[in-house]
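# Reading the structure
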Amino acid sequence: MGARSARAVLGETGIDMSRFPSEGQFMSWACLVPRNDESAGKRRSSRMRKGGTWLKTTMVQCAWAAVRKGGSRFAALFARLKAKRGAGRAICAVAAEMLRTIYHMLEDGTCYEENRAERRHETRQQEANRLLRRLARLGFAAQIKPMVSAAG
């Protein structure tokens, strides 16, 4: 997120997060959450509601920039959701995740830090566990061990 975008977000939200009891209420105020429209057990529209046009537009533009940065957690989130929901819904989810991160930064007074190496290792381990569970459901028993690299 650039300096101009950060100023726009702070200008819209302010720096005092005490007026929002939770991150969910903050994101709802920014209109970056899907509607919960259900009747008789049937889910209807889950489009984001109108409102918060300046903040929402700024966050979506920042999300597009963030997903183009290779190796970031926002790019990984976008790639994962794009396959399931499509690019439009995935970018809105990334914008919401960025706003959630901003909320916690302002609430705690911390700086953003992305630990890519640990996140990548956790993701590989989680994927391995998921694949083992899938094999077990198919009736196979499997064991995994990390590969030792030959280039040393």
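Only a predicted model underlies this, so the values are computations on that prediction, with no experimental measurement involved.

As a further point, take the overall build of the chain. Along the backbone of the chain there are 6 helices and 2 strands. Element order for the chain, N to C, with α for helix and β for strand: α-α-β-β-α-α-α-α. Out of the 152 residues belonging to the chain, those deemed buried represent 26%. Put simply, the chain shows about 11200 Å² of open surface, and 53% of that area lies on carbon and sulfur atoms.

The subject of this paragraph is a positive patch on the surface. Together, R43, R80, K84, R85 and R89 give the surface a local cluster of positive charge. The leading source of residues in the positive patch is helix α4 (residues 73–85), at 3 residues. Position of R89 relative to the elements: it lies in helix α5 (residues 87–108).

A few words now on the packing of aromatic side chains. For any pair of aromatic rings, geometry is given as the distance between the ring centres together with the angle between the planes. Taken as a whole and judged by the stated rule, the model has 5 aromatic pairs. Considering the side-chain rings of F20 and W29, the 5.4 Å spacing of their centres and the 50 degrees angle between planes classify their relative orientation as tilted. Relative accessible area serves as the criterion here: at 8%, F20 is assigned to the buried category. Using a relative accessible area of 37% as the deciding quantity, one classes W29 as partly exposed.

We now examine the nonpolar core. Counting residues in each nonpolar core, the largest one holds 28 residues, and the members touching the most others are F26, M59, V94, M98 and L99. Contributing elements (two or more residues each) for this core: α2 (23–29), α3 (53–67), α4 and α5. With 10 residues, α5 is the single largest residue contributor to this core. Among residues more than four places away in sequence, those in contact with M98 are M1, M59, C62, A63, A66 and F74.

Turning our eyes to something else, we now look at the layout of surface pockets. Approximately 460 Å³ is the volume found for the largest pocket. Of all the elements in the fold, those that place two or more residues in the lining of the largest pocket are α1 (3–13), α3 and α5. At 5 residues, α5 tops the list of elements feeding residues into the lining of the largest pocket. For the lining of the largest pocket, the per-class residue count stands at 13 nonpolar, 2 polar and 2 charged.

Looking at the secondary structure, you find R68 in the loop between α3 and α4. Put simply, R68 and F78 are 10 residues apart on the chain and 9.7 Å apart in space, counted from C-alpha to C-alpha.

In this section: α5. Over its 22 residues, α5 runs 31 Å from end to end, which matches the ideal 32 Å to within 8%, given 1.5 Å per residue. All of the buried residues in α5 are A90, I91, A93, V94, A95, A96, E97, M98, L99, T101, I102 and Y103. At its buried positions, α5 is contacted by α1, α2, α3 and α4. Among the residues trailing α5, G109 stands out with phi positive, at a value near 75 degrees.

Right, let's get into the environment of I102. Residue placement: I102 occurs in helix α5. For the pair I102 and Y112, spaced 10 residues apart in sequence, the C-alpha to C-alpha distance is 8.5 Å. Aside from chain neighbours lying at most four places away, what touches I102 is M1, V9 and M59.

Definitions and cut-offs
Residues numbered from 1 in each chain as written. Predicted model: local features only at pLDDT ≥ 70, side-chain atom pairs only at ≥ 80, totals over all residues. Heavy atoms only, no water. Helix = DSSP H or I, 4+ residues; strand = E, 2+ residues; numbered from the N terminus. Buried < 20%, exposed > 50% of the residue type's maximum accessible area, 1.4 Å probe, protein only. Areas by Shrake-Rupley, 256 points an atom, 1.4 Å probe, with all protein chains shown as cover. Patch = residues over 30% accessible without salt bridge, like charges linked within 9 Å, V, L, I, M, F, W, Y side chains within 5 Å. Salt bridge = Lys/Arg side-chain N within 4 Å of Asp/Glu carboxyl O. Lys, Arg positive; Asp, Glu negative; His and termini not counted. Charge placed at Lys NZ, Arg CZ, Asp CG, Glu CD. Phe/Tyr/Trp six-rings, centres within 6.5 Å; stacked < 30°, edge-to-face > 60°. Core = buried A, V, L, I, M, F, W, Y, C linked by side-chain atoms within 4.5 Å. Contact = heavy atoms within 4.5 Å. 1 Å grid on protein atoms, 1.4 Å probe; cavity = no way out; pocket = protein on both sides within 12 Å on 5 of 7 lines; lining within 4 Å. Points joined across faces, edges and corners; volume = space filled by probe spheres on them. Nonpolar A, V, L, I, M, F, W, Y, C, P; charged D, E, K, R; others polar. Expected span 1.5 Å × (residues − 1).

So far we have only geometry, and geometry alone does not tell us how the molecule works.
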